[in-house]
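As a plain string of letters, each chain reads:
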Amino acid sequence: MSDRRDFLNEIVAAAFGIAGVGSMIVTGQYLSPNALYEPPLKFRAGAPDLYPVDSVTYITDQQVYIVHSPEGFYAVSAVCTHLGCITQWNPGDNMIECPCHGSKFQSDGRKVEGPAPIPLFLWAITLASSGDLLVNKTETVNYGQALKV
Ligand code: FES
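These lines cover the structure that appears in this document, whether it is placed above or below. (Residues numbered from 1 in each chain as written. Predicted model: local features only at pLDDT ≥ 70, side-chain atom pairs only at ≥ 80, totals over all residues. Heavy atoms only, no water.)

What follows covers the sheet that holds strand S10 (residues 133-140). Adjacent strands of a sheet form backbone hydrogen bonds with each other and so pair up, either parallel or antiparallel. In spatial order, the strands read S1-S10-S9-S4-S3-S2; together these six strands make up an open sheet with antiparallel pairing. Of all strands in the sheet, those bounded by a partner on one side alone are strand S1 (42-44) and strand S2 (55-59). On average, each strand axis in the sheet is inclined to that of its neighbour by 25°, with strand direction left out of account. Where S2 meets strand S3 (residues 64-69), five bridges bridge the pair, whose relative direction is antiparallel. Each residue of the ladder has a partner; that of Thr57, found in S3, is Ile66. (Pairing = 2+ DSSP bridges. Helix = DSSP H or I, 4+ residues; strand = E, 2+ residues; numbered from the N terminus. Axes fitted to C-alpha atoms, helices over the stretch in contact; angles between N-to-C directions.)

The next thing to look at is the side chain of Asp108. Positionally, Asp108 belongs in the loop between strand S7 (104-105) and strand S8 (111-113). Asp108 gets classed as buried once you look at its relative accessible area, which sits at 12%. A distance of 2.8 Å separates the side chain of Asp108 from the side chain of Arg110, its partner in a polar contact. Those residues in contact with Asp108 that lie beyond four places of it in its chain are Tyr74, Val76, Leu122 and Tyr143. (Buried < 20%, exposed > 50% of the residue type's maximum accessible area, 1.4 Å probe, protein only. Polar contact = N/O pair within 3.5 Å; in protein donor to acceptor, adjacent residues only side chain to side chain. Contact = heavy atoms within 4.5 Å.)

Read across the open sheet, the four strands follow the order S5-S6-S7-S8; overall the sheet is antiparallel. At either margin of the open sheet sits one strand with a lone partner, and together these are strand S5 (88-90) and S8. By the bridge criterion, three bridges tie S5 to strand S6 (residues 95-97) in an arrangement that is antiparallel. Bridging across to S6, Trp89 finds its partner in Ile96.

So, on to unusual backbone geometry. A positive phi angle, close to 70°, is found at Asp54, a residue other than glycine. By secondary structure assignment, the location of Asp54 is in the loop between S1 and S2. Positive phi is not limited to glycine here, since Asn94 has a value of about 60°. The exposure class of Asn94 is exposed, given its relative accessible area of 52%.

Right, let's get into the environment of Val135. Mapped onto the elements of the fold, Val135 is located in strand S10. Taking the C-alpha atoms as reference, Val135 lies 19 Å from Trp89; in sequence the two are 46 residues apart. Among residues more than four places away in sequence, those in contact with Val135 are Leu41, Lys42, Phe43, Ala45, Ile66, Ala75, Trp123, Ala124 and Ile125.

Structure, rendered in structure tokens:
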């Protein structure tokens, strides 16, 4: 009789233990922030000297090309204006190309061909007091408006 009672007590204790662990997991998930972490919309891209003239440098975490043309610097969005795919710089063709539906853009963001309805966005780029390039992805600039350093 005692064996049966001990067995039932162990089963009840195990059930409470499992329920306790389960509720702790659910509580932990509830208390942890359910947030999407994105990079800041304004960022320093380093000193202008890092970018030789006629270079296109992709900043991966910001999805921005820093383009240093003879006219100056551009910060070109890498997000295709068709359906939002991430474009790729093709140095062989000297074009920014979208792998999804074939849109092509010049290095200054102007559209060359494909279904993209408008050029790539040009983000504002200035020189910070520290001497670094400062890109502001909350502000666009007109095409051909390069930062001269
Ligand atoms: Fe770039 Fe369609 S998303 S061409």
